[in-house]
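Close look at the chain arrangement
Single-letter residue listing:
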Amino acid sequence: MSPTRVLCRVEDIPDSGALAVRIDSATGGFEIILLRQGDRVFGYHNECPHQGRNLDYVPGKFLIRNGSIICAAHGATFAVASGDCLAGPCRSGLLRVPLQVEDGEVRAP
Ligand code: FES
């Protein structure tokens, strides 16, 4: 079993909201969005498939409404639970980051 890293605790993410977390890597790292719906947490790269921009309107602040996250650049809308493109200029969904929730901690490989 591969080691995991603890990203945060579930309660660090506002319910029906999001938290941006930076993942360091040998190639410079990247940012992911953690989205929470009750006990469930979903992770995606903070990169819109439309033009590759970050989804937040200011660092760490996201437009989330009725189970969707909306890219601040041109309004592409994605389902929080699946990352699927629902509306706007996107042709594909968000890139998912696999997560584990265990003992109240959100972990990633
Ligand atoms: S970059 Fe996200 S909608 Fe255009």
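About the cut-offs
- Residues numbered from 1 in each chain as written.
- Predicted model: local features only at pLDDT ≥ 70, side-chain atom pairs only at ≥ 80, totals over all residues.
- Heavy atoms only, no water.
- Pairing = 2+ DSSP bridges.
- Helix = DSSP H or I, 4+ residues; strand = E, 2+ residues; numbered from the N terminus.
- Axes fitted to C-alpha atoms, helices over the stretch in contact; angles between N-to-C directions.
- Patch = residues over 30% accessible without salt bridge, like charges linked within 9 Å, V, L, I, M, F, W, Y side chains within 5 Å.
- Areas by Shrake-Rupley, 256 points an atom, 1.4 Å probe, with all protein chains shown as cover.
- Salt bridge = Lys/Arg side-chain N within 4 Å of Asp/Glu carboxyl O.
- Buried < 20%, exposed > 50% of the residue type's maximum accessible area, 1.4 Å probe, protein only.

By the naming in an unreviewed UniProt entry, the protein chain is Ferredoxin subunit of nitrite reductase or a ring-hydroxylating dioxygenase, taken from Dokdonella immobilis.

1. Looking at the sheet that holds strand E4 (residues 40-45)
Strand order in this open sheet of 3 strands is E2-E3-E4, and the pairing throughout is antiparallel. In this open sheet, the two strands that pair with only one neighbour each are strand E2 (18-23) and E4. The average undirected angle you get between the axes of adjacent strands in this sheet is 30 degrees. Two elements, strand E3 (residues 30-37) and E4, share 6 bridges in a ladder whose sense is antiparallel. Each residue of the ladder has a partner; that of Ile-32, found in E4, is His-45.

2. A closer look at a nonpolar patch on the surface
Together, Tyr-57, Val-58 and Leu-63 give the surface a local cluster of nonpolar side chains, amounting to about 250 Å² of exposed area. You can see Leu-63 is positioned in strand E5 (residues 63-65). Exposure remark for Leu-63: the relative accessible area of 31% places this residue in the partly exposed category.

3. Some remarks on the pattern of salt bridges
On inspection of all chains with the given rule, the structure shows 3 salt bridges. Put simply, Glu-102 and Arg-107 hold a salt bridge, and the shortest N to O gap is 3.6 Å. Take Glu-102: its relative accessible area is 37%, and that puts it in the partly exposed class. On the basis of relative accessible area, Arg-107 is assigned to the buried category, the value being 16%. Across the salt bridge formed by Arg-107 and Glu-105, the nearest N and O atoms sit 2.7 Å from each other. Classification of Glu-105 by relative accessible area gives partly exposed; the value is 22%.

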